[in-house]
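Structural description and commentary
Residue strings, one per chain:
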Amino acid sequence: MMLFSAMVIYNIVDCLDPPVTEDDHHFPTENIVKSMFLSFVLGAVVFISAVRLQRQTPKR
């Protein structure tokens, strides 16, 4: 799941901030780092939310 979200986030970041240098070379390392960081944060948020939803006590 984290790999899939990293790919999706990388494509979004790549469209918003294309990694082309002044001499037309592609340098995607910055976008790869951004996408991995954002997918890690997104994964943590989803995990914490899932744990909280599972721990909720049923209302009577």
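Attention in this report is confined to the structure presented alongside it. (Residues numbered from 1 in each chain as written. Predicted model: local features only at pLDDT ≥ 70, side-chain atom pairs only at ≥ 80, totals over all residues. Heavy atoms only, no water.)

This next bit is on the overall build of the protein. When its secondary structure is counted, the protein shows 2 helices and 0 strands. When burial is assessed residue by residue, the protein has 13% of its 60 residues classed as buried. Put simply, of all contacts in the protein between residues at least 6 apart along the chain, 47% involve residues at least 24 apart. For the protein, the computed accessible surface area is about 5,500 Å², with 69% contributed by carbon and sulfur atoms. (Helix = DSSP H or I, 4+ residues; strand = E, 2+ residues; numbered from the N terminus. Buried < 20%, exposed > 50% of the residue type's maximum accessible area, 1.4 Å probe, protein only. Contact = heavy atoms within 4.5 Å. Areas by Shrake-Rupley, 256 points an atom, 1.4 Å probe, with all protein chains shown as cover.)

Relative to the helices and strands, tyrosine 10 is located in helix H1 (residues 2-16). Sequence separation between tyrosine 10 and serine 39 is 29 residues, and the spatial gap between their C-alpha atoms is 9.0 Å. If we ignore the near neighbours within four places in the chain, the residues touching tyrosine 10 are Pro28, Asn31, Ile32 and Ser35.

On the surface, a cluster of nonpolar side chains totalling about 520 Å² of accessible area is made up of Phe4, Met7, Val8, Ile12 and Leu16. Checked against the element boundaries, valine 8 lands in helix H1. (Patch = residues over 30% accessible without salt bridge, like charges linked within 9 Å, V, L, I, M, F, W, Y side chains within 5 Å. Salt bridge = Lys/Arg side-chain N within 4 Å of Asp/Glu carboxyl O.)

Our next topic: the environment of aspartate 17. Tracing the backbone through its elements, the reader meets aspartate 17 in the loop between H1 and helix H2 (29-55). Look at aspartate 17 and you get partly exposed, because its relative accessible area is 32%. Put simply, aspartate 17 and proline 28 are 11 residues apart on the chain and 9.9 Å apart in space, counted from C-alpha to C-alpha. Those residues within four positions of aspartate 17 in sequence are excluded, and the remaining contacts are Glu30, Asn31 and Lys34.

Looking now at the environment of valine 13. In this structure, valine 13 sits in helix H1. Between the C-alpha atom of valine 13 and that of asparagine 31, which follows or precedes it by 18 residues, the distance is 6.4 Å. Sequence-distant contacts of valine 13, that is, excluding residues within four places in its chain, are made with Asn31, Lys34 and Leu38.

So, about H2. Taking 1.5 Å per residue as the helical rise, H2 with its 27 residues ought to reach 39 Å, and the 39 Å between its terminal C-alpha atoms agrees with that figure. Residues of H2 that are buried: Asn31, Ser35 and Ser39. (Expected span 1.5 Å × (residues − 1).)

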